[in-house]
Every structure is written in C-alpha cells, then in structure tokens.
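For reference, the chains in residue letters:
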Amino acid sequence: MDERRRVILLPVRRRLAVLACAYLAGVYLAQIAAFPAVWIGFLCAFSAVLGLFRLRQRKSALFCVALALFLLGNGVTASVLAVRDAPSGSKAEIVGEIDAIERENRVWLKNATCDGETRSRRVLVTLMAQKDEAAPAVQIGQRVKGTGRLFAPSEPRNPGGINGRIRALARDYELSGYLLPGWTAEGGGQFSLRELFRRAQKKLMRHAEAVFGRQAPLFQAVLLGSRENLDDDLVTAMRLTGIVHLLTVSGMHLSLIALMLERLLRRLPCGRWTRFAAQTVILLFYTGVTGAAAGTVRALMMATLRSLAGCRGRRYEPLTALAIAAWSMALIRPAWPLDASFQFSFFVLLGILLLSGACLSAMNRFMPWMRRYPQAAEALAVSFSAQAAALPIQLLFYGYVPLLALAVNSFAGGLMSLLMLGGIFCMAVGAGLPTVGRWLGAAVGAVSGAAQRLILELKDKLSLEDAFEQKLAKNDNPVQNKAKGAKNEAIEALVALGYSSSEALKALNGIEITDDTDVEDILKAALKNMAFM
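First things first, this report covers the structure right here in the doc. (Residues numbered from 1 in each chain as written. Predicted model: local features only at pLDDT ≥ 70, side-chain atom pairs only at ≥ 80, totals over all residues. Heavy atoms only, no water.)

## A few points about helix H7 (residues 216–224)
Thought 1: Across the 9 residues that make up H7, a large majority, 9, are buried.
Thought 2: Those residues of H7 that sit buried are Ala216, Pro217, Leu218, Phe219, Gln220, Ala221, Val222, Leu223 and Leu224. (Buried < 20%, exposed > 50% of the residue type's maximum accessible area, 1.4 Å probe, protein only. Helix = DSSP H or I, 4+ residues; strand = E, 2+ residues; numbered from the N terminus.)

Structural data, given as structure tokens:
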C-alpha cells in the first residue's frame with residue numbers, strides 16, 4: 001500500500017497526532033456526557049499501571065496514554081462548562097475593572113460584581129450614552145460603575161447550530177449586557193498589550209484609507225479583519241456565494257504572509273536564527289493586530305514550528321504541527337476547540353492535508369488534460385478538499401451550503417493572494433512615498449472594485465438573496481405597522497451605538513416583536529444577541 005492510500009485509511013501517522021486526537025475527542029464528548037472525577041482518577045491510574053506494565057514487556061503504551069488523555073480532556077472541559085455565571089435582572093448595579101476594549105463603547109470587565117455578587121468570568125458590556133452625546137473615553141484599568149443588565153448567552157437556533165455560550169467561552173467571557181447612561185469610570189489607565197494592538201489596528205486602518213481611498217474598506221477587512229466600514233450588500237453577497245471567510249483574517253491569511261516573509265528574509269544577509277526571530281515577531285504582531293482568532297493562532301503556531309524545523313535542519317511534518325497547535329490551544333483555553341472558528345480552521349486544513357493528494361491524482365487520472373496546467377490542478381484539488389472538509393461543519397452550524405462555493409472559491413483564492421500581497425506592498429510603499437503608494441493603491445483597488453462588482457452581479461442574477469430571505473422568512477414572526485416602527489427605532493439605536501446595519505438586522509432576527517413591544521425591550525434583547533453573533 002502506497003503512502004497516500006495509507007494516509008487516507010489512517011488519518012494520523014504520528015503518535016503525537018494520535019494523542020492530540022484522543023484529547024480532543026474527550027473535549028468534544030464533554031458537551032454530551034462528562035465522566036465523574038472519581039472515575040477519571042481511577043481510570044487514569046489504571047491506564048498508567050497498564051502502560052508501565054506494557055513498557056516493561058517492551059510493548060507500546062500508546063493506547064494507555066491516549067486513554068488517559070481522553071479522560072483528562074473530558075474532565076477539564078466538563079469542569080469549565082459546569083461553571084455558570086447567573087444573569088442579572090434589570091437595573092442591576094454593575095461594577096468592574098476594564099480589562100480590554102473592543103470598541104470605544106464596548107468593553108470587557110474583569111472582577112465584575114452585579115448587585116454585590118462576583119462573576120467568575122469577564123463580562124462584555126456596551127457603555128450607553130444619551131442621545132446625540134458621545135460616550136466618554138475609557139482606558140484599560142479604570143473601574144466602571146453603573147446601572148444596567150447582564151444577559152445569559154443565547155441558545156442555538158439551528159439544529160445543532162452555534163451555541164452562544166461556547167462562542168463566548170472561547171473568547172474568555174460568558175455574560176454580556178449594557179450599562180445605562182450615567183455610568184462612571186474612575187482611576188488611571190494601565191499598559192495593555194491588547195490595547196496597543198487595537199490602537200495599531202486603528203492607525204493601519206487610517207493608513208489604508210489614505211492609500212486605497214474608496215476601496216479601503218475591502219482592504220481593511222482582508223488585511224486587518226475589520227468589517228466596520230464594508231458595504232453590507234457586499235458582505236451579504238460574499239456570504240451567499242460562500243466566500244465570506246475571505247473577510248475574516250484566518251490561518252490562510254497568516255500562512256500567505258508567513259510564506260512571503262520566508263522568501264523575503266532569505267534574501268537578507270543574516271543568519272537563520274535571526275530570520276526565525278524576525279519572522280516570529282512580525283507574525284506575532286500581525287496576529288495581535290487582527291484579533292488573534294482561532295485560525296490565526298493555529299497558523300502562527302504552525303508557521304513557527306515550520307521555521308524552527310528549518311533552523312534545526314529537521315523535516316517539517318504538517319500533521320504533527322497541526323496536532324501540536326490543536327493540543328496547545330486546547331490547554332490554553334479548554335472551550336476553544338468547541339468553537340466554530342476553531343473547527344473550521346482545523347478540519348479544513350486536515351482535509352487539505354489528507355485529501356488534496358488523492359484529489360490531484362484522481363484529476364490527473366480522469367482528466368489527463370489537467371496535467372498541462374499543474375498549478376491550476378493543484379489549486380483546484382486544494383479548494384475541493386477544503387470544501388469537502390468544511391461541508392459537514394457548514395451544515396452543522398449554519399444549516400445551508402452555498403452551491404457556488406467550489407467554483408467561486410477556486411477563483412477567489414488567487415484573487416485574495418493578489419489583494420493581500422498587493423495591499424501589503426502598497427501600504428509599505430505608501431508609508432515612505434505617499435503619492436506613489438496612492439497610485440499603486442488605485443491600480444490594485446481597480447482590480448478589487450471589478451471583483452466586487454462581479455460578486456454583486458452574480459448574487460443578483462442568481463437571486464441568491466431572495467431565496468435566502470424566503471428561507472429566513474419562514475422562521476420570522478409577522479410584524480405589523482406599529483411593530484415595524486419600533487423595530488426601525490431599535491435599528492437606528494444600534495447603529496448609533498456603533499454597529500453596522502447588517503449587524504443590527506441580524507441581532508433582531510428571531511426576536512418576537514408585537515404592537516405592544518417597547519423599543520427598550522427590543523434593544524435589550526438585540527444587545528443580548530449581539531454579543532454572541
């Protein structure tokens with residue numbers, strides 16, 4: 001049996017990958033069933049004794065170690081999920097210290113208390129202000145006090161859909177809510193690496209506006225992961241055609257940058273360890289600026305391991321690196337593997353590693369003419385493998401599959417590489433030569449503008465949005481004229497708080513609105529949904 005077939009039949013070829021799979025299996029099982037702590041301790045001790053016995057007989061103890069890690073993964077994750085913070089009632093007194101700032105009026109509070117009761121995890125709150133008044137600026141380390149409400153995470157709406165609590169725990173918080181106007185912030189600011197990254201992102205976004213002009217929102221999303229200025233119609237079109245992931249900085253983005261840095265640094269007259277340090281620092285900075293999503297952190301770890309293997313003269317094994325990244329992230333934050341972004345990133349890459357070779361061989365066998373275009377064939381095989389791996393996760397979390405995803409992603413993959421590399425080059429030139437940077441930005445922006453128009457026309461011609469809205473309309477409650485007015489007022493209030501129109505509409509989806517529903521109640525429910533979207 002050749003190597004490729006052996007990989008397909010046995011997805012894990014390294015012991016470390018087997019152990020990582022065992023630990024993750026325990027993590028995923030914790031959502032369904034959790035073993036009692038006494039049983040975990042007893043079975044782990046039994047596995048240790050059995051493993052030592054097998055080692056003395058010069059036999060493999062891999063199964064025993066895998067069983068112990070399976071039980072540990074189940075126990076650790078179950079203990080994290082068992083701790084729950086209770087939501088508050090209306091007009092509760094909330095006090096906490098600002099730990100991080102998501103945007104000017106939305107912050108994370110640590111050591112938070114609600115009516116005197118301490119919450120074990122961070123809470124995410126929106127700092128509301130009076131109408132036509134800007135909210136006061138806040139700093140990391142200040143102590144915030146005010147009246148508001150904290151909500152529990154929302155339940156999944158699709159069969160097996162996204163669990164709001166899991167998504168919140170993956171970001172290291174659980175409750176979210178708001179503070180009514182009149183809140184106060186006391187104390188001085190403190191140094192925070194997160195805040196440093198956030199401010200750096202804001203500066204880079206302003207620099208992108210100066211270089212790319214009207215096309216800046218797309219480059220801000222592709223390069224920096226910020227959609228706040230992006231047109232809502234374009235986001236909808238990309239979602240319906242299956243390429244909205246290009247607007248989220250993920251492992252694919254960081255992998256492209258890592259490959260570019262690797263080739264660039266090889267041309268410099270410096271040692272391999274110096275190149276390794278420089279590449280690692282740049283990738284760490286980019287990961288922090290873009291928000292450190294699960295896919296980005298995974299790609300950072302794998303890129304670091306790849307560079308380290310080159311420095312030490314060792315062979316780089318992608319499956320082993322993927323196992324190390326998965327295991328490390330699960331240990332750092334036990335709820336991370338349960339999040340959709342983690343699963344998309346890891347299973348898509350796993351599908352590419354395991355299936356792309358077989359797909360390429362099948363294409364060369366049944367379509368011999370593809371051998372004339374090896375690069376196109378390889379790109380198509382990678383795209384098909386990624387889509388095949390993402391299909392079950394897409395159905396599980398979102399309940400639909402974009403039929404055009406394979407065709408559009410085959411085109412969009414090359415386009416994203418062009419936009420990323422061209423955008424980085426234009427911004428680098430624009431930092432030293434602003435005029436030249438704007439000229440180059442206009443040229444690259446023309447390509448991105450043509451691609452945006454193509455995506456919008458594709459959505460309109462195929463009536464994708466109408467079909468999707470009809471699907472959603474089956475689950476929506478009928479809203480009369482008076483209720484529509486209240487809904488519109490709630491949308492305007494959310495926009496005033498800094499959210500986009502698409503975010504506001506998505507937050508209101510599923511909220512029961514009648515003629516007697518008050519705008520404040522709609523706004524509270526929308527803010528609750530907003531935190532877990």
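## A closer look at helix H10 (residues 272–289)
Thought 1: With 18 residues, H10 should reach 26 Å at 1.5 Å per residue; the first-to-last C-alpha distance of 26 Å fits that figure.
Thought 2: Among all positions of H10, only Phe276, Gln279, Thr280, Leu283, Tyr286, Thr287, Gly288 and Val289 are buried.
Thought 3: Where H10 terminates, the next one or two residues include Gly291, which has phi positive at roughly 105°. (Expected span 1.5 Å × (residues − 1).)

## Considering the side chain of Thr287
Thought 1: Turning to its location among the elements, Thr287 is positioned in helix H10.
Thought 2: Thr287 gets classed as buried once you look at its relative accessible area, which sits at 4%.
Thought 3: Separated by 2.8 Å, the side chain of Thr287 and the backbone oxygen of Leu283 make a polar contact.
Thought 4: When sequence neighbours within four positions are dropped, the list of residues in contact with Thr287 reads Leu254, Ala292, Thr296, Val297 and Leu300. (Polar contact = N/O pair within 3.5 Å; in protein donor to acceptor, adjacent residues only side chain to side chain. Contact = heavy atoms within 4.5 Å.)

## A word on the environment of Ala381
Thought 1: Inspection of the secondary structure puts Ala381 in helix H14 (residues 374–398).
Thought 2: In this structure, the C-alpha to C-alpha distance between Ala381 and Ser356, residues 25 residues apart in sequence, is 5.3 Å.
Thought 3: Setting aside chain neighbours within four positions, we find Ala381 in contact with Ser356, Cys359, Leu360 and Met363.

## Looking at the nonpolar core
Thought 1: Counting residues in each nonpolar core, the largest one holds 41 residues, and the members touching the most others are Phe212, Leu247 and Leu283.
Thought 2: The element contributing the most residues to this core is H7, with 7 residues.
Thought 3: The residues touching Leu283, leaving out its near neighbours within four places in the chain, are Leu254, Ile257, Ala258, Leu261, Leu300 and Ala303.
Thought 4: Membership of the second largest hydrophobic core comes to 28 residues, among which are Val27, Met301, Trp327 and Ala335. (Core = buried A, V, L, I, M, F, W, Y, C linked by side-chain atoms within 4.5 Å.)

## Quick notes on the packing of aromatic side chains
The description of an aromatic ring pair uses the distance of the two centres, along with the angle that the planes make with each other.
Thought 1: Tallied over the entire structure, the rule returns 9 aromatic pairs.
Thought 2: Both rings, one in Trp39 and one in Phe42, keep their centres 6.3 Å apart while their planes meet at 90°; by these two values the pair is edge-to-face. Of the two residues, Trp39 and Phe42 both sit in helix H3 (residues 37–56), 3 residues apart, roughly one turn of that helix. Comparing Trp39 with Phe42, the two get one shared label, exposed.
Thought 3: With a centroid separation of 5.9 Å and 85° between ring planes, the pair formed by Trp273 and Phe276 is classed as edge-to-face. Of this pair, Trp273 and Phe276 both sit in helix H10, 3 residues apart, which is roughly one turn of that helix.
Thought 4: Taking relative accessible area as the criterion, Trp273 reaches 45% and is therefore assigned partly exposed. (Phe/Tyr/Trp six-rings, centres within 6.5 Å; stacked < 30°, edge-to-face > 60°.)

None of this, on its own, says anything about what the molecule does.
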